[in-house]
Amino acid sequence: MSTAVAGPCVPPAAVLCGLAGWVPSRVVTNEHLARRLDTDDGWIRTRTGIRRRHVVDAGQATSDLAVEAGRRALASASVSRVDAVVVATTTPDHTCPATAPAVAARLGLTGAAAFDIGAVCTGFVYGLASAAGLIAAGVAERVLLIGADTYSTIVDPLDRANAIIFGDGAGAVVLRAGHPDEPGAVGHFDLGSDGAHEDLVAAGGSRQRSLPGEPSREERHFAMRGKEVYRHAVTRMAESARATLSRAGWKIDDVDHFVPHQANLRILHSVADDLGLPRERCVTHVDSVGNTGAASIPLALADAAAGQQIRPGDRLLLTAFGGGLTWGACLLTWPALPAPAPAYIPDDQGERTTS
Ligand code: UT7
C-alpha cells in the first residue's frame, strides 16, 4: 500500500484528522445511586468530582457505542475508508471474537484490518502508539481508533466503591499518514506497565477455570483496590508525562492543555500539581460522564474541541493510567479538523434519567 511519505528516511507520522465521541442517553445521577446504595451526592462529589454518568440500556453493548463514535469520527475526517480499525476496550462484546471486526463491518469497512487493544484505561494511548506504528510501517495510510467501554456491564451495581465511578461511552479518532512536524501529528510516546500489581484492577478471564465450581458473583464482577490504584495513578501519570516532555524537549510551560485519563478529579488535580501545571490547563468533564475507561481521553477531547476549549495550534499533553498496571503519555499540536467534532450526547432520543 502506498503512503504519503514524509520525506527521505523519515517515516510517516500519524496525524489526527477526525474526532468524535458518543455516550448512551440514559443518565444516572449521584442522587439516583444514593437511592439504592449507602452513599450520597456529597461523598461522591468530594471524593471523585463526579455528578452523573451515562450508562447503556439492557441489550446495548460496547460495539453499539463504538459504531456511533466511529461513524461520527469518519464524518468529521470526511473519509469513508480506512485501512485499519482498532478498538481499545476492557469490555468487549465477547471474549472471542474481538469487537473491532464487528465494528468495522457495521461501519461499512469490511476488509480493513481490525483488532482490539486491552490496556484497560490506558488503551487509547496504547492505541495511538499502535496506530502510529501501523502508519510508520506503511501497513496503513488511515486508521480509525476507537476507545469504548461499558463498565456498567461488569461492575456490580451494589458495589458502592466502583458503581459511583464508572460511566459508559466511546470516543474515536481518525489518523492519517502525514509529516511529523505538522499539526495533529502524535508522537513522543512513553508507554509502560507493571504486572506485579495485576490484582489491583481485575475482572473475569481464564484464571476462573482453575477455581472449583462456578465462579462466584464477586469473581465475575470488576474489582478494584481504589486507594492503592489512586496512589499509582498519580505517580505513574506524572512520571510518564515528564518522560514524554523530556523526550520531546518540551517544558511544562509549553503545554497549553493537559488531557489525562478522566479517572477522578482529585487524581487529575494531583497530577497537574505534581507536574507544576496550573489546574485550569487540565481538560476534564469527569463531572458529567464519570470514568469511561478507554473512552475517556477521546471523549474529553471531543467535548473540549466541540466547546472550542481546544483550538488549532494548542499544544496538548495526553496521559493515561489503568489496570495492568499500564500507563502512557504522548504529545500533539491540535490540528484544524476538516469538520468540527460533533456533540457527543444523543440528541435524537433526548436525555433520559433513571436509577
Ligand atoms: O480508571 C482506572 C483507575 N481507577 C481509578 O483511578 C480509581 C482510583 N481510586 C479512587 O478514585 C478512590 O480511591 C475512590 C473514589 C475509589 C475511593 O475514594 P477514597 O478517598 O480512596 O476512599 P476510601 O476507599 O479510602 O474509603 C473511605 C471510606 C471507607 O469507609 P471507612 O472504612 O473509612 O469507614 C469506605 O468504606 O469511604 C467509604 N466509601 C464510601 N462511602 C460513601 C467507599 N465508597 C463509598 C461511597 N459512599 N460510594
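Each residue is numbered by its place in its chain's sequence as written, counting from 1. Given that this is a predicted model, residues contribute local features only at a pLDDT of at least 70 and side-chain atom pairs are listed and counted only at 80 or more, while totals for whole chains, interfaces and linings are drawn from all residues. The side-chain values count all of the structure's non-hydrogen atoms but skip hydrogen atoms and water molecules.

Peer 1: Could you clarify how one ought to interpret the overall build of the chain in this entry?
Peer 2: Per the convention used, a helix needs a DSSP run of H or I reaching at least four residues, while a strand needs a run of E reaching at least two, with both numbered from the N terminus. Along its length, the chain carries eleven helices and 14 strands. In this treatment the radius of gyration is a C-alpha quantity, and the globule benchmark scales as 2.2 Å times the residue count to the 0.38 power. Whereas a compact globule of 355 residues would reach a radius of gyration of roughly 20 Å, the chain reaches 19 Å, a difference of no more than 12%. Viewed in the frame of its principal axes, the chain has a C-alpha envelope of about 60 × 45 × 45 Å. Within the span of the chain, comprising 355 residues, buried residues form 53% of the whole. A simple rule labels every residue: compare its accessible area, found with a 1.4 Å probe on the protein chains alone, to the largest value its type can have, and call it buried under 20%, exposed over 50%, or partly exposed in between.

Peer 1: Quick question: what am I supposed to make of the site of the ligand here?
Peer 2: Any residue with a non-hydrogen atom lying within 4 Å of a molecule or strand is treated as near it. Taken together, the neighbourhood of the ligand is formed by 21 residues, with Thr39, Arg47, Lys227, Asn264 and Asn291 sitting nearest. Here a polar contact is recorded for every N or O atom pair within 3.5 Å, except that within protein the pair must consist of a potential hydrogen donor and a potential acceptor, and residues adjacent in sequence are included only if both atoms are side-chain atoms. At 2.9 Å from an oxygen atom of the ligand is found a side-chain nitrogen or oxygen belonging to Arg160. Within the contact set of the ligand, an oxygen atom lies 2.8 Å away from a side-chain nitrogen or oxygen of Lys227. In the complex, the protein chains occlude 75% of the 950 Å² of accessible area that the ligand would expose alone. Counting residues per element, the ones that place at least two in the shell around the ligand are helix H2 (41-48), helix H6 (160-163), helix H8 (226-248) and helix H9 (265-275). Residue exposure ignores everything except the shown protein chains as possible cover, and the areas themselves are Shrake-Rupley values with a 1.4 Å probe.

Peer 1: When you look at the nonpolar core in this model, what are you seeing that I'm missing?
Peer 2: In summary, soluble globular proteins display a tendency toward joint burial of nonpolar side chains. In this structure, Leu19, Leu128, Leu175, Leu301, Leu318 and Trp334 are the most contacted members of the largest nonpolar core, which totals 43 residues. Mapped by element, the contributors of at least two residues to this core are strand E1 (13-22), strand E4 (84-88), helix H5 (123-136), strand E6 (142-150), strand E7 (168-178), helix H11 (296-306), strand E12 (315-322) and strand E13 (326-333). At nine residues, H5 tops the list of elements feeding residues into this core. By definition in these notes, contact holds between two residues if any of their heavy atoms fall within 4.5 Å. Aside from chain neighbours lying at most four places away, what touches Leu128 is Leu145, Val173, Leu175, Val186, Phe189, Leu318 and Cys330. Side-chain atoms within 4.5 Å link the members of a nonpolar core, which is a set of buried Ala, Val, Leu, Ile, Met, Phe, Trp, Tyr and Cys residues. Formed by 42 residues, the second largest nonpolar core is a distinct cluster that contains Ile50, Val55, Ile164 and Ala241.

Peer 1: Would you explain H9 in this entry?
Peer 2: Quick reminder: α-helices carry 3.6 residues per turn. Residues three or four places apart thus point the same way. Along H9, the positions that sit buried rather than exposed are Ile267, Leu268, His269, Val271, Ala272 and Leu275. Packing partners of the buried residues in H9 comprise H8, strand E11 (257-260) and E12. You can read the cap of H9 off the contacts: a side-chain oxygen lies 2.8 Å from the backbone nitrogen of Arg266, and it is on Asn264. Just past H9, the residue Gly276 takes up positive phi, approximately 75°.

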